[in-house]
Amino acid sequence: MEFSEVIRRRRMVRHYSGKPLAPEVVERILASALRAPSAGFSQGWAFLALTDPADRARFWPFVPVRVEKTPTMQDAPLVVVPLAHKEAYLDRYAEPGKGWEDRSEDRWPAPYWYIDTGMASLLMLLTAVDEGLGACFFGIMPEHIQPFREEFGIPDAYAPIGALTIGYRATDLPPQSPRVEERRRDADEVVHRGNWGRHG
């Protein structure tokens, strides 16, 4: 698929057919995340991939609102939880040649451990589209983070930034609401050219 078409087709899909994914497709999706950029090539991320139905069943209690609103998300054959590892960044920039030996978070203009893990997540979303699949990114609410960690043995140093469902779209996928296009902001509205407020 042409890359421009992948971008055009990308949308959050919440209704899946339950058709299984070939193992090689799962591996291509997961491998794509590793091509994301990361500050200092820190690669401060990890990914919990849930393909076994029993493992996916263990996951859904930690996103009860999502299950209540769109129970068909549970039909997705792949759930991925991207995890950001801040310590990898602090360690990397304390290495010789980086000059930040105190590992202070105050030096960072933004929490790149979250940003980079988010970019890795986007690559998985785009790869899913390229594979002819649907995908959705959604959050895990703060009150469920620690129980989720305990259930899956996630170390405290790794922070889940959300989760992705990936699978074949349901044949009766509801049409996208016309409000989406009505609310989509134009480039002329959000791109400032040369100076804030200059759109032309």
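Each remark here, short or long, concerns the structure printed above.
In this report, we go over the structure that sits alongside the text. Quick caveat: nothing in here was measured; it's all calculated off a predicted structure.

Analysis parameters
Within any chain, residue numbers begin from 1 and follow the written order of that chain's sequence. With pLDDT at 70 or above as the cut-off, local features in this predicted model cover only qualifying residues; side-chain atom pairs require 80 or more to be listed or tallied, and sums for whole chains, interfaces and linings still use all residues. Only hydrogens and water are removed before side-chain values are computed, so all heavy atoms of the structure are retained for them. Here a helix means four or more residues in a row that DSSP labels H or I, a strand means two or more in a row labelled E, and each is numbered from the N terminus. The buried label goes to any residue with under 20% of its type's maximum accessible area, the exposed label to any with over 50%, and the partly exposed label to all in between, with areas taken from a 1.4 Å probe on protein chains only. Residues are treated as being in contact if the distance between any of their heavy atoms lies within 4.5 Å. Each accessible area is a Shrake-Rupley estimate made with a 1.4 Å probe; only the visible protein chains count as cover when residues are assessed. In this count, Lys and Arg are taken as positive residues and Asp and Glu as negative ones, while His and the chain termini are left out. Here the site of a charge means NZ on Lys, CZ on Arg, CG on Asp, or CD on Glu. In the analysis that follows, any N or O atom pair within 3.5 Å is treated as a polar contact, provided that within protein one partner can donate a hydrogen and the other can accept it, and provided that, for residues neighboring in sequence, both atoms belong to side chains. Each C-beta atom gives one direction from the helix axis, and the arc is the one those directions make. Two strands pair if DSSP finds at least two bridges between them.

Let us look at the overall build of the chain. In terms of helices and strands, the chain carries nine helices and five strands. Structurally, the chain occupies a C-alpha span of about 55 × 50 × 35 Å along its principal axes. The buried share of the chain, reckoned over its 200 residues, is 37%. In the chain, once contacts between residues fewer than 6 apart in sequence are set aside, the share between residues at least 24 apart is 78%. Working note: accessible area of the chain is about 11,600 Å², and carbon and sulfur atoms make up 52% of it. One way to put it: in the chain the 25 positive side-chain charges average out to a point 6 Å from where the 28 negative ones average out.

Inspection of the secondary structure assignment puts His192 in the segment after helix H9 (187-190). On the basis of relative accessible area, His192 is assigned to the partly exposed category, the value being 24%. Setting aside anything within four residues of it in sequence, one finds His192 in contact with Gly197, Arg198 and His199. There is a polar contact of 2.9 Å between the side chain of His192 and the backbone nitrogen of Gly197.

By the burial criterion, the buried members of helix H2 (residues 23-33) are Val25, Val26, Ile29, Leu30, Ser32 and Ala33. One side of H2 holds all its buried residues, which, seen down the axis, span an arc of 155°. Away from its buried face, by an angle of more than 90 degrees, H2 presents the exposed residues Pro23 and Glu27. At its buried positions, H2 is contacted by strand E1 (45-50), strand E2 (78-85), helix H6 (112-130) and strand E5 (163-167).

Here the focus is the pairing of E5. Along E5, five of the five residues are buried, which leaves the element largely enclosed by surrounding structure. Across the two faces of E5 the burial is the same, with Ala163, Thr165 and Gly167 and Leu164 and Ile166 all buried. As judged from the three bridges shared by E2 and E5, these two strands associate in the antiparallel manner. Opposite Val80, over in E5, you have Leu164 as the bridge partner. Note: strand E3 (residues 134-138) against E5, five bridges, orientation antiparallel. Bridging from a neighbouring strand, Gly134 pairs with Gly167 of E5.

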